[in-house]
Every structure is written in structure tokens, then in C-alpha cells.
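Below, each chain spelled out in residue letters.
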There are 4 protein chains.
Amino acid sequence: MDGAIRIFVTGGTFDKEYNEITGDLYFKDSHVPKVLQMGRARLDVHIRTLMMVDSRSMSEEDRTTIAKNCRAASEERIIITHGTDTIVETARLLAAEIRDKTVVLTGAMIPYTFGSSDGLFNLGSALAFVQAMPHGVYVAMNGRAFDWDNVRKNRKTGEFEELES
Amino acid sequence: MDGAIRIFVTGGTFDKEYNEITGDLYFKDSHVPKVLQMGRARLDVHIRTLMMVDSRSMSEEDRTTIAKNCRAASEERIIITHGTDTIVETARLLAAEIRDKTVVLTGAMIPYTFGSSDGLFNLGSALAFVQAMPHGVYVAMNGRAFDWDNVRKNRKTGEFEELES
Amino acid sequence: MDGAIRIFVTGGTFDKEYNEITGDLYFKDSHVPKVLQMGRARLDVHIRTLMMVDSRSMSEEDRTTIAKNCRAASEERIIITHGTDTIVETARLLAAEIRDKTVVLTGAMIPYTFGSSDGLFNLGSALAFVQAMPHGVYVAMNGRAFDWDNVRKNRKTGEFEELES
Amino acid sequence: MDGAIRIFVTGGTFDKEYNEITGDLYFKDSHVPKVLQMGRARLDVHIRTLMMVDSRSMSEEDRTTIAKNCRAASEERIIITHGTDTIVETARLLAAEIRDKTVVLTGAMIPYTFGSSDGLFNLGSALAFVQAMPHGVYVAMNGRAFDWDNVRKNRKTGEFEELES
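Residues numbered from 1 in each chain as written. Chains lettered and ligands numbered in written order. Predicted model: local features only at pLDDT ≥ 70, side-chain atom pairs only at ≥ 80, totals over all residues. Heavy atoms only, no water.

A few words on the overall build of chain A. When helices and strands are counted, chain A shows four helices and 10 strands. What you see in chain A, going N to C, is helices and strands ordered as β-β-β-α-β-α-β-α-β-α-β-β-β-β. Viewed in the frame of its principal axes, chain A has a C-alpha envelope of about 45 × 35 × 30 Å. The buried share of chain A, reckoned over its 165 residues, is 61%. Considering only contacts in chain A between residues 6 or more positions apart, those separated by 24 or more positions represent 64%. For chain A, the accessible area works out to roughly 6500 Å², and carbon and sulfur atoms hold 44% of it. Charge centroids of chain A, computed over 20 positive and 24 negative side chains, lie 1 Å from each other. (Helix = DSSP H or I, 4+ residues; strand = E, 2+ residues; numbered from the N terminus. Buried < 20%, exposed > 50% of the residue type's maximum accessible area, 1.4 Å probe, protein only. Contact = heavy atoms within 4.5 Å. Areas by Shrake-Rupley, 256 points an atom, 1.4 Å probe, with all protein chains shown as cover. Lys, Arg positive; Asp, Glu negative; His and termini not counted. Charge placed at Lys NZ, Arg CZ, Asp CG, Glu CD.)

Right, here's the structure in full:
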């Protein structure tokens, strides 16, 4: 379980802020560093923001950028924070391209700036899974690490579940 | 990674509350169920409170109770929430007695009732580690899973570190 | 400073929630009772929800409903929680109709469900102003009580200010 | 309601922090500036920390220091943040010495560093009362402004009440 961990930030609900002038949700800076500090994480973590987008408006080009960065990363363990709506699509693309690394995609249902977000919990679990799981691509949500090819988001409940369940 | 997870609650900073009449910190009910709910955990988890004590005043009898419950548990995966001051001592006792299970001890430096607790992060990581790690006894703090025989709490920084580091 | 206080809830940012399925902000129940509890308010307060709307979409009929309820209320001291965008318009209408009561309109720039809302502070100040101020209609924001005919919301800063300042 | 407001910080539960190394509550810096910022207060406020003590260990000398500072202050409106246990004693001393100013003492039952503190609400109400009330000395707690000579803290409930109630 040694070695540095790379975190790629891509936006998603996790990093949404409330704009008090317009009343809209928007992106500013990522809250990932703050979450690591609050969790008192003592890991060799390198964070890089690739984009700040709602995953419903993530383009194929965006996904290609993520894949390219995962391939180029010197770290063997990679976390991607991602909007939950298309997180499975990105996982699928990565699985086709990345074979010799452990990649864990995670997100949040509630923005971190809300006091009661699941983001702190999810990033804690993603950091653990990325250290402990063998090479492969996983989606870490709801306390679990799903294999990339056996997971979907249930649009009604907002929870992730296995395909054959 | 299948099968139910048992969580044994023993108290510690994680579950401390502020008594607004006396100004002291004390224990009431565990916050573990609330944390699982906030994290939207979708796991088969069974929670049982064994005791509610500050780990500095945990007796040998208390530790024996914990070990007995771990042995008797039908679940193969066990999390123990524990005060951080003597968490390593309890881990050592458990390692001597439990061989065919994955046991992860975790705690918090800041009570959950404080908005900025590390408890949500730590429980998220403990749940991931207990699913992904082979049989053995581990202390999950600071985003890492330490082997029971290679960890100590640094009293000055409040962080956990390896012995030979 | 005796006598009961009436609180009319009309919605606004104060009471907005985050819908984790759609990612939109919406209204459910009012958080006013929770705020009074957190503030340990020991006042004879009667809360009634008149509507749950964004004040940008508040109709003249809505405002007439608010005025009618203020006139009909048996309490001499009335607080109205209101969206900040048209709070001054409603205050103007009320000033034309209510002469023998103290009416304080207040709102929030950040929803209460965000941990760092100004709603708790604003409701604390509105409750104080409604007890201490003479009959009249006031807008309580930014720690101040503005006369209804000498206040506007600065759309750029989100702050309330006097007209002649 | 014009003119600057002076805030004297003296400590109390309001400003207590959790020491994660020792597990004790202690004082560091005051949270009053942060509360004013969160409440988006737009007032001419001057803050000065006189001491940082638990009001149960406040000495007569401490109280004399507070009174001296109130007399010397150029502002006519003064707020004092204070531990709740002896807040009434300090109010009594101030009432004997300060006649031409509005002095409002306030505190909190739960430290501000806990997410669910009453401090934000109380400071909001204290700022309103200090602007709206005539000269005199008041204790602002539980959403009310009590006259200094008609208030006591109920040790069982933690709430403030009138003497003859």
C-alpha cells in the first residue's frame, strides 16, 4: 500500500457552490484539499484539477482528457472526483484504456459546502479503496467499490447498485 | 467483498457530546448510525454498542469484552470505533485472539457533534478497508490502514505513524 | 416587550433545499422551527407557512395574501421570512396597509441547509427588532433594521443599503 | 440607530475550542469576527478582546476591567460576549457604573466551533437589541433582552428567566 496517490478533480456535485447573488449553483475552487485536511489524511497525495463541469454536460473530449491524464500519471493509484450522472460512462472509457493502475471514481450527492454532504465520507472510502484494491477501475459510492462493468446509478433513489441485483 | 459488516461501538472522541448545562464532554448515544446515513452507505451493517468510554479509562475487562464479541461475531468483517489514545493496545490484544477475520479499529480526533470532525472521513475509510483488506487487525486513521504491530499515536501531533518511520 | 410573536413563512432562499436526485434547489418544509430551537428561543411564537416561493416569482396575489394575514393576526409583532429579491416591494405594500403593528421582514442570502447560512443570525436579529422597535414596517438584513421606505438590495453585492447613502 | 458599536470579548462557552491532542476545551482566538462575517453584518463594529476566561473563574478584577473599558469606550452601544454562568453578576456591576450607554451582554450554551451553536443566533439578537434599546444594561439570551435586575440563569434547564416568573 505504498506510493503516491494522484487525485484528478473534474467537478460534479461534490464541488458545487451556492452563488448568493444569482441563487444558482456553480463551480469555483475544488474542496478536495479541504476535505483531506479535515480528514487529517497523512498520505502522499497530488491533486490536479482537470476541469470543473457538471457530469451531465461532460463531453467526449473531456473524457478523453481524463483518460489521457490517467495514462500519463506516474502514480499507480488514481482517484477521480466526478459528477455522479455519467460517472459510469467515464469509468467504462478508462477501463478500456488503463490496465496497470488502480483507478477509483467517486462523487457526492450533496455539495461539500452543505454541512451534511456525503463527500467527506466518500473521499475517505475512495482513498482507502485506491490503496487496498488490485489494479482495475472502480466506482466508489454508498460505501462500496463497484466494478466498472457492474454498476449503474438508480435515477430514482440516487443510489448506485449492481446490474444483476 | 460480500457479506455483512459488524460495527462494535466502544465510545472515544468520535461519540463525545457537549453537555450544555455542565460544560463537560460526555457520552449519550452513538453517532455511527447517523454517519452511515449521511454517507448514504448501502451495506449490510449491524451495529452494537459494547460500551461508551474514553479509551484512557478503558479497563482490561473492557478489552476482553471487545475481544470476546469479535470472536463470537458471525460476521467476518468487523469495525470497532474506539478512543485513539489506547486504540493500539486493543488492536494488539485482538491480534492475539482473532485470526480468521478482518478487524479495523478507527476513531476520531474531533467529536462528530463538532461540524468539522474527521469521524465521517474515518468511518468511510474504515468501511472500505474492512471490505478490501485480507484477514488481520488494522488501525484506520489519517486515511491509512496500519498493521496492528506497526503503528503508534504520536502524542504531540495527534497523528498515527509507523514505528520504524 | 411582552406578547406573542407571529412568524409568517413565505419561502425565499432561507428555506431552500438541495434536491439530490435532480441537483436543483427546491422547497419542502420551513426551517424556522429548527432555527428557533437551535437558538434556544424562549418566546411565545406562532409560526404559519403562507406560501413557499422564490420571491422573484411572487405574485401580487401572494403579496395581498401576506398583507391580509398581517391585518388579521391578533399578534402585534410580526416577522415575515421572505426572499430577498422583492422583500422591499412586499414591505412597501404592508406599510400602506398595516399601521398599528411592528412588522419585520427578513431573509437569507444562503439557504439554512448550508452549514454557513446567515439565516440563523438574521432570524435572531429579526426577533430582537420585532420586540424592541416601535410600530412600523422594517427590513432586517445585514444586522440592521431598515425603514421600509429607505432601503434597497444592492444586486451586485447582495447587501442591503439605505437609498441616500 | 446610528453610530458605531463596540464589542468586548471576554471568553465563555461561545469561544471555546476543542483541543484534539488533550481532549479538553480551551480558548484560542475569538470567533466573533467570523460570526459577523457569516451574518453579513454591515455595521460599524469595533471588536476588542479583554480576556478569554470561563465565567466561572472570572475574578472581581476581571469584572472591574470590563467596567473600566465600558466607561472608557467612546461608543454609546456596547456588546459583551461572556460566559453564561456569571453573566448576571457582571451585568449588575455594570449597571451600577454605566448610565449613559446601552450595554448588552450575551453568550452561548454551545461553543461556536460546534456546528449547531446558538452563538450565531444570540449575537444576531444582541446586535439588534443594542441598536434598538434605550440606555441600560441587558442580558440577551433565548431570543430575549432581560433587564439586568430581573434575570437569572436556571441551572437545571440552562435557560434564562425572569425572577418573578
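Our next topic: the relation of the copies chain B and chain A. Note on the identical chains: chain B maps onto chain A by a rotation of 180° and an axial translation of 0.0 Å, with an RMSD of 0.0 Å. Here the transformation between the copies is reduced to the relation of a two-fold axis. When you check the interface residues of chain B against chain A, 100% turn up at the interface there too, and the contact is symmetric in its surfaces. (Least-squares fit on C-alpha atoms with pLDDT ≥ 70 in both.)

Take the interface of chain B and chain A next. Counting residues at the interface gives 30 residues for chain B, matched by 30 residues for chain A. When chain B packs against chain A, the two sides together hide about 2600 Å² of surface, and 65% of this comes from carbon and sulfur. Its largest share of buried area at the contact with chain A, chain B owes to Arg40(B), Arg42(B) and Phe121(B), together 27% of the area lost on that side. Counting across the chain B and chain A interface gives two salt bridges. Taking the shortest distance from any N to any O, the salt bridge between Arg42(A) and Glu159(B) comes out at 3.0 Å. When contributions to the side of chain B that touches chain A are tallied by element, the ones reaching two or more residues are helix H1 (32-38), helix H4 (119-132) and strand S8 (144-147) of chain B. (Buried area = accessible area lost by both parts, 1.4 Å probe. Salt bridge = Lys/Arg side-chain N within 4 Å of Asp/Glu carboxyl O.)

Laying chain C over chain A is done by rotating through 180° and shifting 0.0 Å along the axis; what remains is an RMSD of 0.0 Å. When the interface residues of chain C are mapped onto chain A, 100% of them are again interface residues, pointing to one common binding face.

Attention now moves to the environment of Asn142(C). With respect to the secondary-structure elements, Asn142(C) resides in the loop between strand S7 (136-141) and strand S8 (144-147). Residues within four places of Asn142(C) in sequence aside, it is in contact with Asn122(C), Glu159(C), Phe160(C), Gly39(D), Arg40(D), Ala41(D), Arg42(D) and Leu43(D). Polar contacts involving the side chain of Asn142(C) include one to the main-chain carbonyl oxygen of Arg40(D), which spans 2.8 Å. (Polar contact = N/O pair within 3.5 Å; in protein donor to acceptor, adjacent residues only side chain to side chain.)

All names here are of chain A. For the structure shown, the criterion picks out 52 salt bridges over all chains. Here Asp-54 ties to Arg-56 by a salt bridge, and the two come within 3.2 Å at their closest N and O atoms. One network of salt bridges, in which partners are shared, links Lys-16, Asp-54, Arg-56, Asp-85, Lys-153 and Arg-155.

The next thing to look at is the nonpolar core. In this structure, Ile79(A), Val104(A), Phe129(A), Ile7(B), Ile79(B), Val104(B) and Phe129(B) are the most contacted members of the largest nonpolar core, which totals 51 residues. For this core, the secondary-structure elements that each account for two or more residues are strand S1 (5-11), helix H1 (32-38), helix H4 (119-132) and strand S7 (136-141) of chain A together with strand S1 (5-11), H1, H4 and strand S7 (136-141) of chain B. Residues in contact with Val104(B), not counting those within four places in the same chain, are Ile78(B), Ile79(B), Ile80(B), Ala126(B), Phe129(B), Val130(B), Tyr138(B) and Ala140(B). Judged by nonpolar contacts, the second largest core, of 50 residues, contains Val32(C), Val35(D), Ala126(D) and Val130(D). (Core = buried A, V, L, I, M, F, W, Y, C linked by side-chain atoms within 4.5 Å.)

Residue and element names in this part refer to chain B. The contact between helix H2 (residues 60-72) and helix H3 (residues 87-97) brings their axes to 10 Å, and the two run at 40°. With respect to their mutual orientation, H2 and H3 come out oblique. Here H2 and H3 pass one another in a crossing that is right-handed. Residues Arg-63, Thr-64, Ile-66, Ala-67, Cys-70 and Arg-71 of H2 pack against Glu-89, Thr-90, Leu-93, Leu-94 and Glu-97 of H3. Counted by class, the contact of H2 with H3 contains five nonpolar, two polar and four charged residues. (Axes fitted to C-alpha atoms, helices over the stretch in contact; angles between N-to-C directions. Parallel < 35°, antiparallel > 145°, perpendicular 65-115°, else oblique. Left-handed = near helix turned anticlockwise from the far one by under 90°. Nonpolar A, V, L, I, M, F, W, Y, C, P; charged D, E, K, R; others polar.)

Taken together, the 18 residues of chain C in the interface contact 18 residues of chain A. Per-residue buried area on chain C facing chain A is highest for Tyr18(C), Ile21(C) and Phe114(C); these three make up 38% of the total on that side. Taken together, chain C and chain A are joined by zero salt bridges. Our count for the contact surface shared by chain C and chain A stands at four residue pairs in polar contact (both at pLDDT 80 or more). Its residues assigned to classes, the side of chain C that touches chain A shows seven nonpolar, seven polar and four charged.

A few words on the packing of aromatic side chains. Going through the model one piece at a time under the given rule, you end up with six aromatic pairs over all chains. Ring geometry for Tyr18(A) against Phe114(C): centres 5.5 Å apart, planes inclined by 50°, an arrangement best described as tilted. Taken together, the residues span two chains, with Tyr18(A) in strand S2 (residues 16-18) and Phe114(C) in the loop between strand S6 (102-106) and helix H4 (119-132). Given a relative accessible area of 8%, Tyr18(A) falls into the buried group. Taken together, a centroid distance of 3.4 Å and an interplanar angle of 40° make the contact between Phe114(A) and Phe114(C) tilted. Of this pair, Phe114(A) sits in the loop between strand S6 (102-106) and H4 while Phe114(C) sits in the loop between S6 and H4, which puts the two residues in different chains. Accessibility expressed as a relative area gives 3% for Phe114(A), which makes it buried. An aromatic cluster is defined as three or more aromatic residues linked by ring pairs; in this entry it consists of Tyr18(A), Phe114(A), Tyr18(C) and Phe114(C). (Phe/Tyr/Trp six-rings, centres within 6.5 Å; stacked < 30°, edge-to-face > 60°.)

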